[in-house]
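Single-letter residue listing:
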Amino acid sequence: MSEARPAPLSSPPAAPPPPARPAGAPPPSRPAVRAGGGAPAALLPVSPLDAGPAAVPGRARPPDRVDPLCPAVLDLPGPLHRPYVARPRALRGPLELYLAEVGAQDERALRWAQELLDGEERARAGAFRRARDRDAYVIAHATLRALLGPLLGVRADELPLMREPCAGCGAPHGRPALRAPGLHFSLSHSGDLVLVALAGTPVGVDVEGLASAEAVRSAQCALHATEVAELARLPAYERPAAFTRTWVRKEAYLKGLGTGLVRDPALDHVGTGDRPVSPSPRWTLRDVLVPAGYAAAVALRRE
C-alpha cells in the first residue's frame with residue numbers, strides 16, 4: 001500500500017470551459033472525486049495558501065484565478081503498519097490536508113485501525129449504535145494517528161495526545177491536542193468522509209453532507225444577518241448547497257479558534273457565495289474540494 005502524500009503542486013493543463021446552460025436551469029452538480037485509494041486523477045492539485053474560491057459550475061474560470069483547495073487521497077492501511085523512521089519529518093508546507101473515504105476500507109483495515117485507538121477512543125467507538133457511525137469514528141481517529149506519528153517520529157499508538165480545557169466550562173474534556181509544541185491538527189468526519197488538517201499554526205477543518213431544506217429553515221438562527229439575507233435572495237434549489245458551505249466555513253473557523261460552537265456562530269460572517277469571507281484578518285478561510293454531496297472548509301491562522 002502506498003503512503004499518504006499531499007497532492008503535488010504542479011498545475012494541470014487548463015480545461016476548456018463547459019457549455020452554457022439555459023437561463024433558469026438548476027446548476028449541474030460537481031462531479032464526484034474518487035477518494036480512499038488509487039491515483040487521484042480527478043483532483044486538481046494547488047498550493048493551499050494560494051487557493052482561490054471554488055470553481056462555479058457552468059462558468060468559465062478567469063485565467064488568473066487558481067483552482068480550489070484540494071486534499072490528497074489517503075490510503076489508510078499504508079501508513080498504519082509502515083515502520084517509522086526515528087527522525088521526525090517536517091511539515092511539507094504551512095498546511096497539509098488529507099481525505100479518506102470510510103467505505104473504501106476493508107475489514108482488515110478496520111481491525112488495524114482499532115488497534116491504534118487508546119482506551120478513551122475505544123470506549124467512544126463502542127458507544128455508537130450504528131456500525132457505519134462506529135466505523136467512521138474508528139477510521140477518523142486512526143487516520144489522525146497514522147498521520148501524526150511520522151511528524152513526531154513515534155508510533156501511531158504512542159502519540160502524546162491530551163484534551164484541552166473545554167471552552168465552555170474549563171473542564172479537561174475539550175478538543176484533542178498534542179503535548180508537542182509547534183504542531184496543530186484538526187479532524188472532521190461526516191457520512192463516508194474523513195478530513196484531516198496538519199499545520200504549524202492553529203487550524204480548523206469541517207466536512208458535512210448536504211443539508212436538507214428543513215435544516216436550512218430551522219438553522220438560520222445560527223447564521224449572521226447578512227448570510228440570512230444572502231440565502232433569501234437565492235432560488236430555493238440553491239439554498240441547501242449555499243447553507244452547507246456557509247456552515248462548514250463557520251465550523252472550521254470556530255474549531256481553529258478552539259471555541260467550537262460555544263461561540264455563537266451567528267457572530268461571524270463567512271459568506272454564502274462561492275468565495276469565503278474571512279471573519280478575521282488573522283485567519284485564512286478557504287473551501288476544500290470534496291466529493292459531490294458534501295461541502296468542506298479549512299481555516300488557518302496567519303503567522
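Residues numbered from 1 in each chain as written. Predicted model: local features only at pLDDT ≥ 70, side-chain atom pairs only at ≥ 80, totals over all residues. Heavy atoms only, no water.

S.K.: Give a detailed account of helix α4 (residues 131–152), specifying residues and quantitative values.
M.R.: Taking 1.5 Å as the rise per residue, α4 with 22 residues should run 32 Å; its terminal C-alpha atoms sit 32 Å apart, in good agreement. Across the 22 residues that make up α4, a large majority, 16, are buried. Following α4 by one or two positions, G153 has its phi on the positive side, about 75°. (Helix = DSSP H or I, 4+ residues; strand = E, 2+ residues; numbered from the N terminus. Expected span 1.5 Å × (residues − 1). Buried < 20%, exposed > 50% of the residue type's maximum accessible area, 1.4 Å probe, protein only.)

S.K.: Explain the packing of aromatic side chains to me, and be specific about the residues and the numbers.
M.R.: Applying the stated criterion to the full structure yields 3 aromatic pairs. Centroid distance F243 to W247: 6.3 Å. Interplanar angle 10°. Geometry classified as stacked. Pair noted here: F243 and W247 are both in helix α7 (residues 239–257), with a separation of 4 residues, about one helical turn. W247 carries the same exposure label as F243, and that label is buried. Ring centres of Y253 and W283 lie 5.7 Å apart, and the angle between their planes is 90°; this geometry places the pair in the edge-to-face category. (Phe/Tyr/Trp six-rings, centres within 6.5 Å; stacked < 30°, edge-to-face > 60°.)

S.K.: Hey, could you go over the pairing of strand β5 (residues 184–190) for me, with residue numbers and the actual values?
M.R.: Summarising burial for β5: 5 of the 7 residues are buried, a large majority. As paired strands, β5 and strand β6 (residues 193–199) are joined by 7 bridges and run antiparallel to one another. Bridge pairing links H184 to A199 in β6. Hairpin connection of β5 to β6: 2 residues between the antiparallel strands, including G191 at a positive phi of 60°. (Pairing = 2+ DSSP bridges.)

S.K.: Hey, could you go over the sheet that holds strand β8 (residues 283–288) for me, with residue numbers and the actual values?
M.R.: One open sheet holds the 3 strands; their spatial order is β7-β9-β8, and the pairing between them is antiparallel. Each edge of the open sheet carries a strand with a single partner, namely β7 (203–209) and β8. Neighbour-to-neighbour, the strand axes of this sheet turn through a mean angle of 15°, independent of strand direction. Direction of pairing for β8 relative to strand β9 (residues 294–301): antiparallel, over a ladder of 6 bridges. (Axes fitted to C-alpha atoms, helices over the stretch in contact; angles between N-to-C directions.)

S.K.: An account of the packing of helix α2 (residues 107–116) against α4 is needed here, citing residue identities and associated values.
M.R.: Contact pair α2 / α4: the axes reach a minimum separation of 8 Å and the direction vectors enclose 65°. When you trace α2 past α4, the crossing you get is left-handed. Side by side, α2 and α4 meet where L110, A113, Q114 and L116 of the first sit next to D135, V138, I139, A142 and R145 of the second. Grouping the constituent residues of the contact of α2 with α4 by class yields 6 nonpolar, 1 polar and 2 charged. (Left-handed = near helix turned anticlockwise from the far one by under 90°. Contact = heavy atoms within 4.5 Å. Nonpolar A, V, L, I, M, F, W, Y, C, P; charged D, E, K, R; others polar.)

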